[in-house]
Amino acid sequence: MNAFHEPLKELLLRREHIIADHAWRDRDPDAHLDALRTVSEEISGWAETHRASAGAKLRHFLDNASFAKALAMLQDDSAKC
């Protein structure tokens, strides 16, 4: 992964942390869902803005909302993003 992908990686990690925060979800489900929606929109925005520069596999994962797979690929140092 290079610096180009770092903002996307941070968004994907933030999404995972939101999903994993069950206490927040149980306490305030509307706010939790809004946060999840917001970060997902930010991920989609990044994907649209950087579509031409992202590799085919990464585009595939983002187009299909396979965000966990996209994050795993970005975290794999040997992956071609």
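A brief look at the structure comes next. Per-chain numbering applies: the sequence of each chain, read as written, is numbered from 1 onward. Predicted model: local features are reported for residues with pLDDT of at least 70 only, side-chain atom pairs are reported and counted for 80 or more only, and whole-chain, interface and lining totals are derived from all residues. In computing side-chain values, all of the structure's heavy atoms are included and hydrogens and water are not.

1. Topic: the overall build of the protein chain
Here is step 1: The secondary structure listing takes helices from DSSP runs of H or I that are at least 4 residues long and strands from runs of E that are at least 2 residues long, numbered from the N terminus. Along the backbone of the protein chain there are five helices and zero strands.
Here is step 2: Only protein chains enter the accessibility calculation, which uses a 1.4 Å probe; a residue is then buried when its area is under 20% of its type maximum, exposed when over 50%, and partly exposed in between. Residue burial in the protein chain is summarised as follows: out of 81 residues, 31% are buried.
Here is step 3: Residue contacts are defined here by distance: any two heavy atoms, one from each residue, within 4.5 Å place the two residues in contact. Excluding contacts between residues fewer than 6 apart, the proportion of contacts in the protein chain whose partners are at least 24 apart in sequence is 55%.
Here is step 4: In short, Shrake-Rupley with a 1.4 Å probe defines the accessible areas, and a residue's cover is counted only from the protein chains shown. When the accessible surface of the protein chain is split by element, carbon and sulfur atoms take 51% of a total near 5,100 Å².

2. Regarding helix 4 (residues 56-63)
Here is step 1: Buried residues of helix 4: Leu58, Phe61 and Leu62, and no others. Along the long axis of helix 4, the arc covered by the buried residues comes to 95 degrees, so they all point the same way. In helix 4, the exposed residues that point more than 90 degrees away from the buried face are Ala56 and Lys57.
Here is step 2: Those residues of helix 4 that are buried are in contact with helix 1 (6-20), helix 3 (29-49) and helix 5 (67-75). What the arc measures is the spread of directions leading from the helix axis to the C-beta atoms.

3. Examining the nonpolar core
Here is step 1: The biggest cluster of nonpolar side chains holds 19 residues, and the ones touching the most others in it are Leu8, Leu12, Ile43, Trp46, Leu58, Leu62 and Ala70.
Here is step 2: Contributing elements (two or more residues each) for this core: helix 1, helix 3, helix 4 and helix 5.
Here is step 3: Sorting elements by how many residues they give to this core places helix 3 first, with six residues.
Here is step 4: Leu12 has contacts with Ile43, Phe67, Ala70, Leu71 and Leu74, leaving out every residue within four places of it along the chain. Among buried residues, those of type Ala, Val, Leu, Ile, Met, Phe, Trp, Tyr and Cys that are joined through side-chain atoms within 4.5 Å constitute a nonpolar core.

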